[in-house]
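Listed below, chain by chain, are the residues.
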Amino acid sequence: MTVFSHPDFDQHEKVAFHHDRASGLTAIIAVHNTRLGPALGGCRIYPYSNDAEALRDVLRLSRGMTYKASLARLPLGGGKSVIIANPHTDKTPELLAAMGDFVESFNGTYITAADSGSGVPEMEAFAKRTRHVVGAGNRDASHGGNRSGDPSPSTVNGVFAGLKAAAGFRLDRDLQGLNVAVQGVGQVGFGLAAQLVESGANVWVSDVYPANVERAVRELGVTAVAPDDIYGLDVDVFAPCAMGGILNETTLPVLKAKVIAGAANNQLGTAAIANELHQRGILYAPDYAINAGGLIDVFYEREGGSADTLNAHVLGIADTLKEIFLRSQEENLPTAVVADRVAMERVNAG
Ligand code: NAD
């Protein structure tokens, strides 16, 4: 296994491997870039089938966080950590304590947060060993409101603002009567669907977990469709809020929506899909730009700031997207390419 010649190595500043014999912890922390500030990024707990898979994930995810923080105009760099473990069976107090110590060994150049396989309880466990953690339970009311540590509501607000901006730019219309398909009605998708319904949009939803669909239908009055049918609906906007890789060679041919704006990370199956979307006149809101509300939320948890300051920053996601859309139009480039450029221009400018 190589690191410096790894295809996903992108001048990462630090990649540390750690094994703690007593607790069984096996983890990697990657700090991609700290030019704009300390690297903040979640801790993913996943039963990777081998070390190479874990390394690939942490290299790619940490780089993505540099882009996300930069586009969100946060004084933060990009980092990420992975624990090679089963999140359902392996999260012992000893293992989490050892991970807290590993995070602490970075002296604040890496700040950890929740990700797939980890949440508020794990952040609380890390917080017993390190100050460099966000999303660990109740925060002071002056720190963006008195909430549970869950950044999802801010993610919802950012995606909603971004979707509205995208519909305005591409379709020149507001949300009243707009037809929107929401894939996945979990924490973010449900909140997004609720705001859309409240604004007069017609909403279709899908989820592989039937109870979530039933709740959305019951509480929001949305229309349910089968998971595979969500792509081909004759709607104005497709909002992916489930998993990554869903914009691919299979789904693209059936898509009728002219706007794609949702929370899911890594929506593009391959980089080439960005070109195809652009050529077909489908406006894609780059995922890491539109879903940055959660990152902005945890930044204010750490640094302090009123709920109004947090909300204003989150709503600024719409302005960033408009800048990307405009530049994509002027330079005839896919929005995803423009987003990467804007992000790195800001990092390089320091
Ligand atoms: P969640 O787990 O609460 O919800 C995801 C939902 O998608 C679940 O209800 C799940 O059953 C459903 N789902 C899974 N596969 C599906 C499929 N094939 N078709 C339809 N539904 C499917 O997660 P979340 O916190 O709502 O996050 C949603 C997405 O947004 C994820 O990709 C996440 O990485 C991303 N994201 C979330 C946040 C946040 O603050 N929660 C921030 C940034 C990005």
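Below: a short report on this structure. This is a predicted model, so every value here is computed, not measured.

**Focus on the pairing of strand E2 (residues 25–33)**
Step number 1: Burial analysis of E2 places eight of its nine residues in the buried class, which makes it a mostly covered element.
Step number 2: Relative to E2, strand E1 (residues 14–20) runs antiparallel, the two being bridged by seven bridges. Directly across from Lys-14, in E2, lies its bridge partner Val-31.
Step number 3: Relative to strand E4 (residues 77–84), E2 runs antiparallel, the two being bridged by six bridges. Among the inter-strand pairings, Ile-28 is bridged to a residue of E4, identified as Val-82.

**Quick word on the site of the ligand**
Step number 1: Lining the immediate surroundings of the ligand are 19 residues, of which Thr-155, Val-188, Asp-207, Asn-212 and Ala-242 lie closest.
Step number 2: Between the ligand and Thr-155, the relevant distance is 2.7 Å, taken from an oxygen atom to a side-chain nitrogen or oxygen of the residue.
Step number 3: In the model, an oxygen atom of the ligand is placed 3.0 Å from a nitrogen or oxygen of the Asn-265 side chain.
Step number 4: Protein contacts shield 74% of the accessible area of the ligand, which totals 830 Å² for the unbound molecule.
Step number 5: Every element with two or more residues in the shell around the ligand is listed here: helix H4 (152–171) and helix H5 (187–198).
Step number 6: Per-class residue counts for the shell around the ligand are eight nonpolar, 10 polar and one charged.

**As for the pattern of salt bridges**
Step number 1: For the structure shown, the criterion picks out 15 salt bridges.
Step number 2: For Arg-56, the salt bridge is made with Asp-8, and the minimal N-O distance between the two is 3.8 Å. Here the residue Arg-56 occupies a position in helix H1 (residues 51–71), and Asp-8 occupies one in the segment before E1, the gap between them amounting to 48 residues.
Step number 3: By relative accessible area, which is 43% here, Arg-56 ends up partly exposed.

Here is what the cut-offs are and how they apply
Residues numbered from 1 in each chain as written. Predicted model: local features only at pLDDT ≥ 70, side-chain atom pairs only at ≥ 80, totals over all residues. Heavy atoms only, no water. Buried < 20%, exposed > 50% of the residue type's maximum accessible area, 1.4 Å probe, protein only. Helix = DSSP H or I, 4+ residues; strand = E, 2+ residues; numbered from the N terminus. Pairing = 2+ DSSP bridges. Near = heavy atom within 4 Å. Polar contact = N/O pair within 3.5 Å; in protein donor to acceptor, adjacent residues only side chain to side chain. Areas by Shrake-Rupley, 256 points an atom, 1.4 Å probe, with all protein chains shown as cover. Nonpolar A, V, L, I, M, F, W, Y, C, P; charged D, E, K, R; others polar. Salt bridge = Lys/Arg side-chain N within 4 Å of Asp/Glu carboxyl O.

The values are spatial; any link to function lies outside them.
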